[in-house]
Amino acid sequence: MSVWEALDYLNTLVDDSDPDIELDQLQHLLQTAEAIRQDGHPDWFVLTGLLHDLGKVLCLYGEPQWAVVGDTYPVGCQFSDKIVYPEFFTENTDYSDERYNTKFGVYSKHCGLDQVKMSWGHDEYLYHVMKDYLPKPSLYIIRYHSFYAQHREGAYSHLMNEEDHKNFEWVKKFNPYDLYSKIPVPPDAKALKPYYEKLIAKYLPNKLAF
Ligand SMILES: [Fe+2]
Ligand SMILES: [Fe+2]
């Protein structure tokens, strides 16, 4: 699909995890991107705002929503109590498996997030769709924007290397735009489309493998 085809397709989805159902998916993405643009940020950051939730098309492919939306976190090591609803991890068999329930688990100190397997979701999926095309900070935002235990709480710094820390500055910068751009004034998708079509074409091929 082209990005715009994916946006139109995604727009048929209602996200159960989203407390704000006033806006549809396209409106959320346009608002996020527009808020970033209005603050004068680089164009790749604006584009990232538009793209960041496109991985939610997984839901439309039949993936259950619990496997697509919500917090993401490392697997193969101890689940942090900073992950949302940590009490439910007691029912996960990894929780009592001593290969996976220590601070480092299968990893080593500051091994880098690229070595770390994350729980599956729209973030990881879209990262794989986009990884050949976008600048590194953009890919970090796409891949880790639901990793609240780290970008809000710093709970997994012991697995991160210097490059991760540098790029997480952008993940943190992005978060308020994702959360607080949800004002109930629908953006004018038709009027904005030419600007975004041009921006998409600057970075991405005509068709992507969703
Ligand atoms: Fe998201
Ligand atoms: Fe979002």
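Further up the page is the structure itself.
Not measured: the values here are computed from a predicted model.

Enquirer: Which parts of the structure should I look at to understand the coordination of the iron ion (ligand 1)?
Expert: Think of it this way: four donors in a tetrahedron around the metal ideally sit 109.5 degrees apart, and six in an octahedron ideally sit 90 or 180 degrees apart. Asp53 (OD), His122 (NE2) and His145 (NE2) make up the full set of protein donors to the iron ion (ligand 1), lying at 2.0 to 2.2 Å. Donor residues for the iron ion (ligand 1), ordered by position in the chain, follow D-x68-H-x22-H. A separation of 3.9 Å is found between the iron ion (ligand 1) and the iron ion (ligand 2), which share Asp53 as a coordinating residue. With Asp53 in the loop between α3 (43-51) and α4 (57-60) and His122 in helix α5 (residues 122-130), this pair connects stretches of sequence that are 69 residues apart. In this structure, Asp53 and His122 share a single accessibility class: buried.

Enquirer: Please clarify how the pattern of salt bridges should be interpreted in this entry.
Expert: When charged atoms on two side chains of opposite charge get close, those side chains can pair. Considering all chains together, one arrives at nine salt bridges under this definition. In this structure, Asp53 engages Lys56 in a salt bridge whose closest nitrogen and oxygen atoms are separated by 3.6 Å. Of the two residues, Asp53 and Lys56, neither departs from the other in class, the shared state being buried. Between Lys136 and Glu163 there is a salt bridge whose closest N-O contact spans 3.2 Å. With Lys136 in helix α6 (residues 136-144) and Glu163 in helix α8 (residues 162-180), this residue pair connects regions lying 27 residues apart in the sequence. For Lys136, a relative accessible area of 45% puts it in the partly exposed group. In the salt-bridge network here, residues are joined through shared partners; they are Asp114, Glu124 and Arg143.

Enquirer: Looking at this model, I keep getting lost on the environment of Thr90. Mind explaining?
Expert: Looking at the element boundaries, Thr90 is found in the loop between α4 and α5. Relative accessible area serves as the criterion here: at 48%, Thr90 is assigned to the partly exposed category. Along the primary structure Thr90 and Lys131 are separated by 41 residues, whereas in three dimensions their C-alpha atoms are 34 Å apart.

The rules behind these values
Residues numbered from 1 in each chain as written. Chains lettered and ligands numbered in written order. Predicted model: local features only at pLDDT ≥ 70, side-chain atom pairs only at ≥ 80, totals over all residues. Heavy atoms only, no water. Donors = N, O, S within 2.8 Å, 3.2 Å for Na, K, Ca; no water. Helix = DSSP H or I, 4+ residues; strand = E, 2+ residues; numbered from the N terminus. Buried < 20%, exposed > 50% of the residue type's maximum accessible area, 1.4 Å probe, protein only. Salt bridge = Lys/Arg side-chain N within 4 Å of Asp/Glu carboxyl O.

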